[in-house]
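As a plain string of letters, each chain reads:
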Amino acid sequence: MRAFGPVPSRRLGQSLGINNIPPKVCTYSCVYCQIGKTEHLNCERQAFFDPAELAREVAEKVNELKKRGTRIDYLSFVPDGEPTLDINLGNHIGLIRQLNIKIAVITNASLLNRKDVRGDLHKADLVSVKIDAVSRKAWLRTDRPHKSLDLETILEGIREFNAEFRGEMITETMLLQGMNDSPDEVKKIGEFLASLKPYKSYIAIPTRPTTVKGALPASDQALTMCYQVFRERLPRVELLLGQGGDEFGYSGNVEDDLLGITSVHPMSEKNVRQYLKKAGAEWRVITDLIERGSLVELTHQGQKFYLRRLPGKS
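Residues numbered from 1 in each chain as written. Predicted model: local features only at pLDDT ≥ 70, side-chain atom pairs only at ≥ 80, totals over all residues. Heavy atoms only, no water.

Draft legend 1. Structural detail: the environment of Ser195. For Ser195, the position within the fold is in helix α6 (residues 183-196). In this structure Ser195 comes out as partly exposed when scored by relative accessible area, which is 46%. For the pair formed by Ser195 and Gly94, sequence separation is 101 residues and the distance between their alpha carbons is 31 Å. Here the side chain of Ser195 touches Phe192 through a polar contact of 2.5 Å, landing on its backbone oxygen. (Helix = DSSP H or I, 4+ residues; strand = E, 2+ residues; numbered from the N terminus. Buried < 20%, exposed > 50% of the residue type's maximum accessible area, 1.4 Å probe, protein only. Polar contact = N/O pair within 3.5 Å; in protein donor to acceptor, adjacent residues only side chain to side chain.)

Draft legend 2. Local environment of the environment of Glu44. Looking at where Glu44 falls in the secondary structure, it is placed in the loop between β4 (40-41) and α1 (51-67). In sequence terms Glu44 and Arg144 are 100 residues apart; their C-alpha atoms lie 17 Å from each other.

Draft legend 3. Region of interest: the pattern of salt bridges. Applying the stated criterion to the full structure yields 21 salt bridges. One salt bridge in this structure joins Arg71 and Asp73, with 3.0 Å as the shortest N-O distance. For Arg71, a relative accessible area of 52% corresponds to the exposed category. Asp143 serves as the salt-bridge partner of Lys130, at 3.2 Å between the closest nitrogen and oxygen. Here Lys130, found in strand β7 (residues 126-130), pairs with Asp143, found in helix α4 (residues 136-143); they are 13 residues apart in sequence, far enough to count as distant. Asp143 shares its class with Lys130; the two are buried. (Salt bridge = Lys/Arg side-chain N within 4 Å of Asp/Glu carboxyl O.)

Draft legend 4. Examining the packing of α1 against helix α2 (residues 89-96) more closely. Between α1 and α2, the shortest axis-to-axis distance is 9 Å and the interhelical angle comes to 40°. One way to sum up the angle between α1 and α2 is to call them oblique. The two elements α1 and α2 cross, and the hand of that crossing is right-handed. Each of Pro51, Ala52, Leu54, Ala55 and Val58 in α1 lies in contact with α2, whose residues at this interface are Asn91, His92, Leu95 and Ile96. Its residues assigned to classes, the contact of α1 with α2 shows seven nonpolar, two polar and no charged. (Axes fitted to C-alpha atoms, helices over the stretch in contact; angles between N-to-C directions. Parallel < 35°, antiparallel > 145°, perpendicular 65-115°, else oblique. Left-handed = near helix turned anticlockwise from the far one by under 90°. Contact = heavy atoms within 4.5 Å. Nonpolar A, V, L, I, M, F, W, Y, C, P; charged D, E, K, R; others polar.)

Here is the structure:
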């Protein structure tokens, strides 16, 4: 299930996700991550999946969805960890390019100082870059990076990539209460973004269960302040305050679809019920997955969410 969805996205429309990284291999262990604590904090690129096999799985998923008349706007590398840790990322993009669907990569930007990483990302149509902080203390609090990473090197890598890239680069800043939402930090982030001139900059808050329970969304006042600061410096700024749309794609296998989506995208109870209705399935599918230990139920701000249980978790 390395291809999942499509998942409704405010940024990408109907996005067919591609999971090119095993569970929780990442360069960061962000306090707000929606799929759990990073189990393998790592900065070395390596091969995880055979490019031909992954391309075949994506093509099969696309064909299944097309037969059902499901729209796909992007093929998006949005895995269980940091997609640029995959040394075959450029090969993957090249092999699925023949499907004639735009390709996006969602990255935390931590490896953009590397020429080989930037070269792989040049093959995409859209790259979303995470910029949660530009001062060291806020970065350490929010993103909890691998000890070998250096913030100034990362920011310079983002600048280099932005200068070279011919596709659309967008940015996302996750704003958290007491971590990166001070007026001084927000102003510094806004000034850095202004130097990049991205196609669009998004401001987000956690809307699903977070790894650290104390990772809280920034206040309405802080969000408004951040929006105004960014808007004064950037032509296109948008708030991402909801959970996205409700139109999750159905490919014909209810359990595979649910486990594929929830491996990287926790689904609210409302979304699950709407999906099951579309698929003509009963809630018993969910209780069976929970009883088998494949799915877990979590509560976040009074709302139930469902997440695939990661291997080795109990």
